[in-house]
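Working through the structure, step by step
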Number of protein chains: 2
Amino acid sequence: MYLIRPEVRNFQPYLPGKPIAEVQRELGLKRVVKLASNENALGASPKAVQSLRKNSQNVFRYPEGAGTILRRALARKLGVRESEVILGAGSDEIIEILGKTFFNREDEIVVSQHAFIRYKMAADLLGAKTIEAPMKNQTHDLQAMFRNVNRRTKALFVANPNNPTGTYVNRQEVELFFSNFKPGQLSPFLIFDEAYYEYSKELAPDYPDLLNYFRKGYPVVVLRTFSKIYGLAGLRVGYGVAPQWVVEAMDRVRPPFNVSSLAQSAAIACLNDRAHIQKSLAIVREGLDYLTQEMRRLGLPTIPSVGNFLMVSVSPLLGKNLFQKLLRKGVIVRAMDEYGFPNHIRVTVGLPQENRFFVHCLKEVL
Amino acid sequence: MYLIRPEVRNFQPYLPGKPIAEVQRELGLKRVVKLASNENALGASPKAVQSLRKNSQNVFRYPEGAGTILRRALARKLGVRESEVILGAGSDEIIEILGKTFFNREDEIVVSQHAFIRYKMAADLLGAKTIEAPMKNQTHDLQAMFRNVNRRTKALFVANPNNPTGTYVNRQEVELFFSNFKPGQLSPFLIFDEAYYEYSKELAPDYPDLLNYFRKGYPVVVLRTFSKIYGLAGLRVGYGVAPQWVVEAMDRVRPPFNVSSLAQSAAIACLNDRAHIQKSLAIVREGLDYLTQEMRRLGLPTIPSVGNFLMVSVSPLLGKNLFQKLLRKGVIVRAMDEYGFPNHIRVTVGLPQENRFFVHCLKEVL
């Protein structure tokens with residue numbers, strides 16, 4: 001134990017959603033529905049699947065380390081320069097690369113209460129300190145976050161929308177937040193984690209456009225992913241948009257082949273598959289309505305969400321007890337105690353029949 | 001610049017071998033042969049390719065984070081416990097995870113001169129110091145490495161065989177080396193990087209069995225990969241065998257989904273594809289003989305190799321000049337100045353016709 005770095009000695013292995021096969025095996029169940037990891041219930045874009053099949057013969061070659069073609073395609077789509085785009089094995093890898101590149105022992109980062117655990121882990125890894133600002137109405141309170149900025153602050157992390165609450169900061173709040181900073185200033189980094197961007201942009205009319213601030217020269221880093229609406233969670237590919245000097249610095253620390261060749265080509269193939277995106281959005285919009293309504297009937301409060309998931313209060317029951325009971329019925333959701341919500345579960349929006357099965361089982365166990 | 005961690009400020013982005021498509025595009029060449037990254041010229045195991053096609057529809061799910069099935073298959077094959085196996089996105093990720101878990105600022109690691117650059121980078125990342133022991137006959141000198149061990153030494157890294165020299169430490173040298181340590185001692189970690197294990201075991205009758213020392217309780221970590229003989233370089237999957245407490249510690253620091261779902265299933269599919277391994281070995285054995293002979297005819301000394309690559313001295317020419325000239329002919333090799341060999345090139349053993357094309361072009365440019 002004394003041999004382990006003190007910085008990571010208290011790390012706990014991340015607890016992912018349970019895989020379907022494991023639940024089937026352990027509980028001897030045939031029908032298991034997984035609504036636990038905010039995956040796209042419709043699956044991957046068919047264009048991505050086609051590309052995987054076509055390229056599977058080429059996996060003996062190392063990936064193109066610079067990811068040039070994908071970065072160029074993203075830059076074109078986003079209206080930024082190729083040199084302002086970095087790829088990661090999921091956007092979480094970019095969080096860690098940011099830390100490894102920039103976080104010193106004497107630095108601080110500011111996060112929100114109930115935010116994604118991996119921001120703090122990136123800081124812990126390098127011995128930096130994490131300051132947690134309170135939420136307001138289960139939403140990031142940007143002004144409260146700003147009040148914790150001092151000369152040691154290296155970065156602020158805003159999950160927008162936040163997982164697991166599904167809440168977001170809107171255009172007006174963001175505009176006010178940016179009035180605290182100046183274009184051209186180099187730090188602190190204002191990191192907006194937009195893993196659910198494609199959903200939120202549709203579901204929230206006042207969802208802010210952070211690339212706008214990026215283009216004005218604020219020290220903005222925007223993180224997005226192919227794991228959610230694009231349906232490539234299993235392939236590990238995400239991206240960040242950041243000032244060129246930040247990308248260049250991170251590129252020295254980035255593992256040289258961090259995004260697999262199949263992930264790169266699948267991402268390129270599906271980047272502009274509008275049909276799949278539209279279908280996926282429709283499923284989620286409908287599913288959120290359905291689930292919210294059904295929860296209301298059951299007397300279970302929900303938090304309005306602009307992601308493909310929903311937080312449900314099961315108070316006074318414990319989320320982890322309900323999780324266990326649902327599991328035995330064949331529905332995998334997530335208990336939220338590790339995020340500081342002992343009386344909530346989080347349910348990913350599934351296909352209509354999956355949502356109905358969840359509601360059916362929930363009624364049985366309540 | 002002052003915002004970047006001092007530990008990584010001098011990092012240079014890793015320079016991978018040039019991709020074929022890039023060379024074709026840049027130089028307007030049709031036939032381009034890549035002998036630059038020690039990939040398996042025969043390609044991936046057909047069983048792996050089949051598995052990729054079969055599983056491509058499932059990429060919308062997150063990978064099984066613990067990698068249970070692959071770790072179990074590896075444990076069975078190697079005669080170790082599942083809890084003694086860790087998976088990485090290539091074995092290089094495991095090198096970095098080792099560093100993030102164990103290397104403190106006041107620690108030292110010992111490496112050999114002319115060794116893989118990423119051992120030092122893992123130490124640099126955490127502010128640990130790298131001590132470089134000299135080589136003897138272009139081979140790791142284990143006794144010289146041991147002479148640099150002191151109470152601050154956290155790990156010794158032995159690349160066996162070493163890339164780029166292709167040389168190895170044999171059974172006798174390893175036995176002598178281990179007489180310096182005791183079974184049951186916890187550190188320093190004795191890390192044997194066996195990326196070319198499957199080749200060396202066949203090509204060198206006295207190639208040592210490190211798992212043997214592992215089983216006796218020495219603090220051994222063995223690193224292997226699916227990137228070389230298994231032909232899965234593009235998928236990023238490797239593994240390490242280490243004492244259970246070491247695996248448990250690294251598991252806290254390991255990114256939760258570090259090995260993609262397709263990489264896991266492809267690795268499982270090809271792990272026991274003996275036919276493909278045998279064919280790949282035959283190609284390399286034959287290719288090494290052919291290339292060594294042809295270089296001798298050209299008066300170019302080679303270093304006997306037990307990997308799928310060969311170091312060729314082109315002295316008094318500069319390796320990087322010859323690299324450029326060969327590139328313009330359509331052959332990608334690697335100049336070795338970054339490894340401290342300014343007058344060498346490294347050539348990966350290709351298919352027979354690829355090897356012949358290399359020799360043909362080499363004759364033209366000399």
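Let me begin by describing the structure that accompanies this report. On a predicted model such as this, the values are computed, not experimentally measured, just so you know.

This brings us to the sheet that holds strand E10 (residues 309–313) of chain A. Residues and elements named next belong to chain A. A sheet is described by the order of its strands in space; here four strands give the open sequence E9-E10-E13-E12, paired in antiparallel fashion. Both edges of this open sheet fall to strand E9 (302–303) and strand E12 (334–335), since each of them pairs with a single strand only. Bridge analysis of E12 against strand E13 (residues 344–348) gives two bridges, and the strand direction is antiparallel. Among the inter-strand pairings, Ala-335 is bridged to a residue of E13, identified as Ile-345. Where helix H13 (residues 319–329) meets the sheet, its contacts fall on E12 and E13, and the angle it forms with E13 comes to roughly 45°.

With that settled, consider the layout of surface pockets. By volume, the second largest pocket amounts to about 780 Å³. Considering the residues around the second largest pocket, the lining is formed by 38 residues, among which Pro-13, Tyr-14, Leu-15, Pro-16 and Gly-17 of chain B are closest to the centre. Of all the secondary structure elements, the ones that give two or more residues to the lining of the second largest pocket are strand E2 (85–88) and helix H10 (244–253) of chain A together with helix H13 (319–329) and strand E12 (334–335) of chain B. It is H10 of chain A that contributes the most residues to the lining of the second largest pocket, four residues altogether. Of the residues assigned to the lining of the second largest pocket, the class counts are 19 nonpolar, seven polar and twelve charged.

Before going further, it helps to examine the nonpolar core. In terms of nonpolar packing, the biggest core is built from 172 residues, with Phe-226, Leu-232 and Phe-358 of chain A together with Phe-226, Leu-232 and Phe-358 of chain B touching the most fellow members. Not counting residues within four places of it along the chain, the set of residues in contact with Leu-232 of chain B comprises Val-59 and Phe-60 of chain A together with Ala-44, Ala-48, Phe-226, Ser-227, Val-237, Ala-266, Ala-267 and Cys-270 of chain B. Among the nonpolar cores identified, the runner-up in size contains 80 residues, and Ala-128 and Tyr-339 of chain A together with Ile-95 and Ala-123 of chain B belong to it.

Residues and elements named next belong to chain B. Mapped onto the elements of the fold, Pro-342 is located in the loop between E12 and strand E13 (344–348). C-alpha separation for the pair Pro-342 and Gly-319, spaced 23 residues apart in sequence, amounts to 5.7 Å. In contact with Pro-342, not counting residues within four places along its chain, are Leu-317, Leu-318, Gly-319, Met-336 and Asp-337.

Mapping chain B onto chain A is achieved by rotating through 180° and translating by 0.0 Å along the same axis, at an RMSD of 0.0 Å. Look at the turn and shift together and you get a two-fold axis relating the two. Ranked by how close their C-alpha atoms come to the rotation axis, the residues of chain B are headed by Arg-53 of chain B, at 2.6 Å. Both copies contact each other with a shared surface, as 100% of the interface residues of chain B are interface residues in chain A too.

Residues and elements named next belong to chain B. Here the amide bond leading from Asn-160 into Pro-161 is cis, since omega sits at 0°, within 30 degrees of zero. Put simply, Ser-187 and Pro-188 share a cis peptide bond, and its omega is 0°. Structurally, Pro-188 can be placed in the loop between helix H7 (171–178) and strand E6 (189–193).

This part is about the side chain of Thr-101 of chain B. Within the secondary structure, Thr-101 of chain B is located in helix H4 (residues 91–102). Note on Thr-101 of chain B: relative accessible area 0%, which makes it buried. In contact with Thr-101 of chain B, other than residues within four places in its own chain, are Ile-4, Arg-5 and Val-8 of chain A together with Ala-249, Met-250 and Val-253 of chain B.

Quick look at the environment of Tyr-290 of chain B now. All names here are of chain B. Structurally, Tyr-290 can be placed in helix H12 (residues 274–297). For Tyr-290, a relative accessible area of 23% puts it in the partly exposed group. A C-alpha to C-alpha distance of 21 Å links Tyr-290 and Ser-315, two positions 25 residues apart in sequence. Dropping the residues within four chain positions of it, Tyr-290 is found in contact with Asn-355, Arg-356 and Val-359.

With that out of the way, let us pick up H13 of chain A. All names here are of chain A. Turning to H13, its buried residues number three or more, namely Gly-319, Leu-322, Phe-323, Leu-326 and Leu-327. End-on view of H13: buried residues confined to an arc of 140°, all on one side of the axis. Buried-residue contacts for H13 involve helix H1 (20–27), strand E11 (331–332), E12, E13 and helix H14 (352–365). Gly-330 sits one or two residues past H13 and shows a positive phi near 105°.

Definitions and limits used
- Residues numbered from 1 in each chain as written.
- Chains lettered and ligands numbered in written order.
- Predicted model: local features only at pLDDT ≥ 70, side-chain atom pairs only at ≥ 80, totals over all residues.
- Heavy atoms only, no water.
- Pairing = 2+ DSSP bridges.
- Helix = DSSP H or I, 4+ residues; strand = E, 2+ residues; numbered from the N terminus.
- Contact = heavy atoms within 4.5 Å.
- Axes fitted to C-alpha atoms, helices over the stretch in contact; angles between N-to-C directions.
- 1 Å grid on protein atoms, 1.4 Å probe; cavity = no way out; pocket = protein on both sides within 12 Å on 5 of 7 lines; lining within 4 Å.
- Points joined across faces, edges and corners; volume = space filled by probe spheres on them.
- Nonpolar A, V, L, I, M, F, W, Y, C, P; charged D, E, K, R; others polar.
- Core = buried A, V, L, I, M, F, W, Y, C linked by side-chain atoms within 4.5 Å.
- Buried < 20%, exposed > 50% of the residue type's maximum accessible area, 1.4 Å probe, protein only.
- Least-squares fit on C-alpha atoms with pLDDT ≥ 70 in both.
- Arc of directions from axis to C-beta.

These figures come from the coordinates and say nothing about function on their own.
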